[in-house]
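Observations on the model geometry
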Amino acid sequence: MNALVTRLTLGIAGALATGIGAAIALTPDAFYGSYGIVLPASADLYSELRAPGANLAVLGALIIIGAIKEQWTRVSAALGTTVFLAYAVGRLLGIAFDGVPSEAILLALAIEGVLGGLCALALRSTRRQADWKDQARMAG
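Now for a look at the structure at hand. It should be emphasised that the depicted structure is a prediction, and the values quoted were computed from it without experimental measurement. (Residues numbered from 1 in each chain as written. Predicted model: local features only at pLDDT ≥ 70, side-chain atom pairs only at ≥ 80, totals over all residues. Heavy atoms only, no water.)

Considering the packing of helix 3 (residues 43-68) against helix 4 (residues 73-98)
Contact geometry for helix 3 and helix 4: axes closest at 7 Å, N-to-C directions at 140°. In terms of axis orientation, helix 3 runs oblique to helix 4. Considering how the two elements wind past one another, helix 3 and helix 4 form a crossing that is left-handed. Judged by residue contacts, L56, L59, L62, I63, I65 and G66 of helix 3 engage T73, S76, L79, G80, V83 and Y87 from helix 4. Grouping the amino acids of the contact of helix 3 with helix 4 by side-chain chemistry returns 8 nonpolar, 4 polar and no charged. (Axes fitted to C-alpha atoms, helices over the stretch in contact; angles between N-to-C directions. Helix = DSSP H or I, 4+ residues; strand = E, 2+ residues; numbered from the N terminus. Parallel < 35°, antiparallel > 145°, perpendicular 65-115°, else oblique. Left-handed = near helix turned anticlockwise from the far one by under 90°. Contact = heavy atoms within 4.5 Å. Nonpolar A, V, L, I, M, F, W, Y, C, P; charged D, E, K, R; others polar.)

Set out below in structure tokens:
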């Protein structure tokens, strides 16, 4: 994976995570309503939804930094891999334990799997680039 594709991958992954996280943290009724989920009025439930939403938004911002600053690329790719594949694994657990969700949730699973996979390829690519730079430094 070349540097431009890595940056695009991290930019898209980071923007998506930041946007979704912010939507969950700031407007959980609207976000979950878009999936057809009606939330009961509960301060406890809203707190439990807003906290991971804020976490996702912050992680997304850190992933975006790797699209901009080369020294952050490897860390951001690792974060993107972890965030998106963890969501995909969580959804697969949901399918195994709870049954098949709506098409919208299945689409989210597919997007998370693809983005997690692309971030993993970016992570692998950054390792190869780091190894190449180390070899060049040693030879020079």
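Focus: the packing of helix 1 (residues 3-26) against helix 4
Contact geometry for helix 1 and helix 4: axes closest at 10 Å, N-to-C directions at 50°. Considering their axes alone, helix 1 and helix 4 lie oblique with respect to each other. Classified by chirality, the crossing of helix 4 by helix 1 is left-handed. On helix 4, the residues that touch T6, L10, A13, L16 and A17 of helix 1 are T73, S76, A77 and F84. Grouping the amino acids of the contact of helix 1 with helix 4 by side-chain chemistry returns 6 nonpolar, 3 polar and no charged.

Here we look at a nonpolar patch on the surface
A surface patch of nonpolar side chains, about 370 Å² in accessible area, is lined by M1, V5, V114, L118 and L121. Within the secondary structure, V114 is located in helix 5 (residues 103-139). (Patch = residues over 30% accessible without salt bridge, like charges linked within 9 Å, V, L, I, M, F, W, Y side chains within 5 Å. Areas by Shrake-Rupley, 256 points an atom, 1.4 Å probe, with all protein chains shown as cover. Salt bridge = Lys/Arg side-chain N within 4 Å of Asp/Glu carboxyl O.)

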